[in-house]
Amino acid sequence: MVPLKRRKTVPSDTGSTGTDGGPTRFPQVVLFLLERKMGASRRAFLSKLGRQKGFQVEEVFSETVTHVISENNYGDEVRTWLHSQGGGPGRAAPVLLLDISWYTESMRAGRPVEILDAHKLQEQQTSETEVVLFLVSSYACQRRTTLDNQNSTVTDALSLLAENAELSEEDGRGVAFRRAAAVLKALPATVTDTSQLRGLPCLGEHSLRVIREILENGASSEVDSTKQSERFKALKVLTGIFGVGAKTADRWFREGIHDLHRLRASGQTLNRAQQAGLDHYDDLNQPVSRAEADAIGDIVRNAVVSVSAEARVALTGGFRRGKPAGHDVDFLVTHPEEGREVGLMPKVVSWLESQGFLLYQKITRNSYLESKDGPGRAASNMDRFERCFSIFKLPEGENRGAEEPETENASRTETARRWRAVRVDLVVSPISQFAFAQLGWTGSKLFERELRRWAGHEKAMSLSSHALYDNKQSRYLRAASEEEIFAHLGLEFVPPSERNA
Ligand code: UTP
Ligand code: MN
């Protein structure tokens, strides 16, 4: 700051635009003082002072200006202003953007002083630069996405629009919203201003519009109207039934079936899965806790070792990524000796059934054969492991560490239910494919999709939950661990807890 005393000694005709002062002594230096933050009167005062010292100080910015002087402005702000003046990168000679300190020192010296680092404009050290710098990778599988989401308001909104698109079978639009949400989930800080979105990948026009609306108004009109729409509400209720997909739900909706009551009254024929889904609707729409997942893990492990002592069970899906709750529990079963996994599934399921643990089960047969399926079909996300979709009857008190305290009020009548229904998926994999199965079933769904897209587009490889095929070498790449698969793909290893894209 120029001391107030000196300001007072200057004549008051500071608004003059003439070339007062002596002749220009430094023809190669043409100055322009930015009024932004400096203020009009201080700018006029400093301009006049410069001219008196023999500097050429322009009143209006033009092509001839070589030095732009500003006070309390960040580099980014001045560059934005310069751009708006048509003085951006396309200009013949670049303009020097300098801090007021260079100007005052030059005034004191009576000549343009050497430009030091201290004279350059500061760059903003806010989250903006952090955010933009942190995010260079456009594939979700190149990023680390923990459950610690700093932008949940925005990502919840985008996820809802993705869900709505998927319910309308507009999968392309759904993926676009999911990708945009995944980028924001990976940011290390909360986005508060749209300027922070610059340079981020995967943000299409539509997603940007929604994000901007939320940042500016706290809500998105499109999200709000979707949430309130009859169709969205009905399709959510109907697809909440195990065994009912978007197609069926849409057909029912068009037939006037908008809720469970009308579905029950309609006399629609339901398949076995849908009937079980309807019977256990409330239970299955209540999130499964980690304690319940662990309790089911104990039961499944008992079942598996009962039928084959060396067979192994691994928790997979969202719980392996560290999620505190899920819509189901996913398990992988394998045997350390290749081939000994064959026939395990029916035995495990029989054991569970004999113990009364199953309310519903359906085994689908393994049909994956490298010679037949790969490599042409290997990129498919539908895998062909022997798999069992089931609904478990989890006895109460089996959810380890989450028992209710025994109080008078909690004592049950004889008719009270002492169990709850939980969706469980069991998958049997031969040990040779186990790493691929583990990678493919850990999720998240978007992370998996991005892994396959990366493999195909960037590496000319086909990845599935069974194998990785190299199209250039025309051969399968073996792997005994997830780490090896990431290495084959030329990706840095991302642990399960950071695959929450
Ligand atoms: P889930 O649908 O169980 O999701 O699929 P999740 O991440 O565990 O989350 P919750 O259960 O909703 O809490 C788990 C993983 O299994 C893969 C999916 O791609 C996902 O990555 N999966 C699922 C398959 O590979 N094939 C299938 O047929 C189903
Ligand atoms: Mn799951």
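Look above for the structure.
What counts as what
Residue indices begin from 1 for each chain and proceed along its sequence in written order. The naming scheme follows written order: chains are lettered A onward, ligands numbered 1 onward. Thresholds applied to this predicted model are a pLDDT of at least 70 for local features of residues and 80 or more for the giving and counting of side-chain atom pairs; totals over whole chains, interfaces and linings are not thresholded and use all residues. Computation of side-chain values covers all heavy atoms of the structure but excludes hydrogens and water. Here an axis means a line fitted to C-alpha atoms, over the contact stretch when the element is a helix, while the angle between two N-to-C directions is reported on a 0 to 180 degree scale. Secondary structure elements are taken from DSSP: a helix is a run of H or I of four residues or more, a strand is a run of E of two residues or more, and numbering for both begins at the N terminus. Should an angle lie under 35 degrees it is considered roughly parallel, over 145 roughly antiparallel, and from 65 to 115 roughly perpendicular; all remaining angles are considered oblique. Note: crossing handedness is left-handed where the near helix turns anticlockwise from the far helix by less than a right angle, and right-handed where it turns clockwise. Note on contacts: a residue pair is in contact if any heavy atoms of the two residues lie within 4.5 Å. Donor criterion used throughout: N, O or S atom within 2.8 Å of the metal, extended to 3.2 Å for Na, K and Ca. Water excluded; incomplete-looking sites may result. Think of it in three bands: with a 1.4 Å probe and only protein chains considered, a residue is buried below 20% of the maximum accessible area for its type, exposed above 50%, and partly exposed in between. Residue types Ala, Val, Leu, Ile, Met, Phe, Trp, Tyr and Cys, when buried and joined through side-chain atoms within 4.5 Å, form a set referred to as a nonpolar core. When DSSP finds at least two bridges between two strands, those strands are taken to pair. Side-chain classes follow a simple rule in which Ala, Val, Leu, Ile, Met, Phe, Trp, Tyr, Cys and Pro form the nonpolar group, Asp, Glu, Lys and Arg form the charged group, and the remainder, Gly included, forms the polar group. Throughout this document, a residue counts as near a molecule or strand when at least one of its heavy atoms sits within 4 Å of that molecule or strand. Two N or O atoms form a polar contact when they lie within 3.5 Å of each other; inside protein one atom must be a possible hydrogen donor and the other a possible acceptor, and for residues adjacent in sequence the pair counts only when both atoms belong to side chains. Method for areas: the Shrake-Rupley scheme with a 1.4 Å probe, in which residue coverage is limited to the protein chains shown. The directions considered for the arc are those from the helix axis to the C-beta atoms.

1. Quick look at the packing of helix α6 (residues 152–167) against helix α8 (residues 205–217)
Between α6 and α8, whose axes approach to 10 Å, the crossing angle comes to 140°. Between α6 and α8, the crossing angle belongs to the class labelled oblique. Seen along the crossing, α6 lies across α8 with a hand that is right-handed. On α8, the residues touching T153, V154, A157, L158 and L161 of α6 are S207, V210, I211 and I214.

2. Quick look at the coordination of the manganese ion (ligand 2)
Summarising the metal site, the manganese ion (ligand 2) is bound by the protein donors D328 (OD) and D330 (OD), whose distances to it range over 2.0 to 2.1 Å. Classification of D328 as buried rests on a relative accessible area of 8%.

3. A few points about the nonpolar core
Membership of the largest hydrophobic core comes to 35 residues, with the highest contact counts inside it found for L158, L184, L197, I211, I241 and W252. With 7 residues, α6 is the largest single contributor of residues to this core. Among residues more than four places away in sequence, those in contact with W252 are L238, I241, V244, I257, L263, Q268 and L270. Formed by 29 residues, the second largest nonpolar core is a distinct cluster that contains A293, V300, L358 and C388.

4. Some words on the pairing of strand β3 (residues 67–70)
The two faces of β3 match: H67 and I69 on one face and V68 and S70 on the other face are all buried. Here strand β1 (residues 30–33) pairs with β3 via 3 bridges, running parallel. Bridge pairing in β3 places F32 opposite V68. Relative to strand β4 (residues 96–99), β3 runs parallel, the two sharing 4 bridges. Counterpart to S70 in the pairing with β4 is D99.

5. Describing the packing of helix α7 (residues 171–185) against helix α20 (residues 445–459)
Where α7 meets α20, the axes come as close as 11 Å, and the angle between the chain directions of the two elements is 100°. With respect to α20, the element α7 is oriented roughly perpendicular. On the side of α7, the interface is formed by V175, R178, R179 and A182, while α20 contributes L446, R449, E450 and R453. Considering only residue class, the contact of α7 with α20 consists of 3 nonpolar, no polar and 5 charged.

6. As for the environment of Q433
As for its placement among the helices and strands, Q433 is situated in the loop between β11 (419–428) and α19 (434–442). A relative accessible area of 12% means that Q433 is categorised as buried. On a C-alpha basis, the gap between Q433 and A480 in space is 7.9 Å, while along the polypeptide they are 47 residues apart.

7. Observations concerning the site of ligand 1
If you check the shell around ligand 1, you find 16 residues, and the closest are G318, H327, D328, R387 and K445. Here an oxygen atom of ligand 1 sits 3.1 Å away from a polar atom, N or O, in the side chain of D330. Side-chain polar atom of K445 to an oxygen atom of ligand 1: 2.7 Å apart, as the coordinates give it. Here ligand 1 has 580 Å² of accessible area as a free molecule, and 83% of this is covered by the chains. Elements with a contribution of two residues or more to the shell around ligand 1: α16 (317–320), α19 and α20. Among the residues making up the shell around ligand 1, the classes are represented as 1 nonpolar, 7 polar and 8 charged.

8. As for unusual backbone geometry
Cis geometry marks the peptide bond from G443 to S444; its omega dihedral reads -5°. By the secondary structure assignment, S444 is in the loop between α19 and α20. Here the phi dihedral of N72 falls at roughly 60°; this positive angle occurs in a residue that is not glycine. Tracing the sequence through the fold places N72 in the loop between β3 and α3 (75–84). The backbone of E169 sits at a positive phi, close to 55°, despite the residue not being glycine. Among the residues examined, E169 registers a relative accessible area of 41% and is labelled partly exposed.

9. Notes on helix α17 (residues 344–354)
Among the residues making up α17, those that are buried are L344, M345, V348, V349 and L352. Take α17 and look down its axis: the buried residues cluster within an arc of 120°, on one side only. In this structure, the buried side of α17 is in contact with α15 (290–307), β8 (329–334), β9 (358–364), β10 (386–395) and β11.

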